[in-house]
Amino acid sequence: MPLKEDIQAYFEREVLPHAPDAWIDHDKTRKGYEISVHPPLLQVRASATLAEIDADLRRLSTEIQEMLREIAA
């Protein structure tokens, strides 16, 4: 909600039409913004192609089979 807007007016206009039984606990109401430092630190990775996923699965399957052979030996 906009910082300069009245909380009650915003609530009546934006919330009550969708949830008529909603209420505000004014003891917990605060004005201000929360600035999260985490999103700028996240790195977006490109999705793997089907071929890359298939190659990873085949490699891991081979590694697992080798481990199982060592255990059984």
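For the structure, check the block above.
Residues numbered from 1 in each chain as written. Predicted model: local features only at pLDDT ≥ 70, side-chain atom pairs only at ≥ 80, totals over all residues. Heavy atoms only, no water.

Novice: Just checking my understanding: could you explain the environment of Pro2 for this structure?
Specialist: Note that Pro2 resides in the segment before helix H1 (7-15). For the pair Pro2 and Val44, spaced 42 residues apart in sequence, the C-alpha separation works out to 29 Å. Setting aside chain neighbours within four positions, we find Pro2 in contact with Tyr10 and Tyr33. (Helix = DSSP H or I, 4+ residues; strand = E, 2+ residues; numbered from the N terminus. Contact = heavy atoms within 4.5 Å.)

Novice: Hey, could you run me through the pattern of salt bridges in this one?
Specialist: Pairs may arise between side chains of opposite charge once their charged atoms sit close together. Here the structure, examined in full by the defined rule, presents five salt bridges. Residue Asp56 pairs with Arg59 through a salt bridge whose shortest N-O separation is 3.8 Å. Linking Asp56 with Arg59, this pair stays in helix H2 (residues 50-72), spanning three residues, or about one helical turn. Asp56 sits in the partly exposed class, given a relative accessible area of 39%. Taking relative accessible area as the criterion, Arg59 reaches 42% and is therefore assigned partly exposed. With a closest N to O distance of 2.9 Å, Arg59 and Glu63 form a salt bridge. (Salt bridge = Lys/Arg side-chain N within 4 Å of Asp/Glu carboxyl O. Buried < 20%, exposed > 50% of the residue type's maximum accessible area, 1.4 Å probe, protein only.)

Novice: Would you mind going over the side chain of Glu5 with me for this structure?
Specialist: Within the secondary structure, Glu5 is located in the segment before H1. Accessibility expressed as a relative area gives 17% for Glu5, which makes it buried. In this structure the side chain of Glu5 is engaged in a polar contact, spanning 2.6 Å, whose partner is the side chain of Arg13. Contact partners of Glu5, with chain neighbours within four places excluded, come to Tyr10, Arg13 and Lys31. (Polar contact = N/O pair within 3.5 Å; in protein donor to acceptor, adjacent residues only side chain to side chain.)

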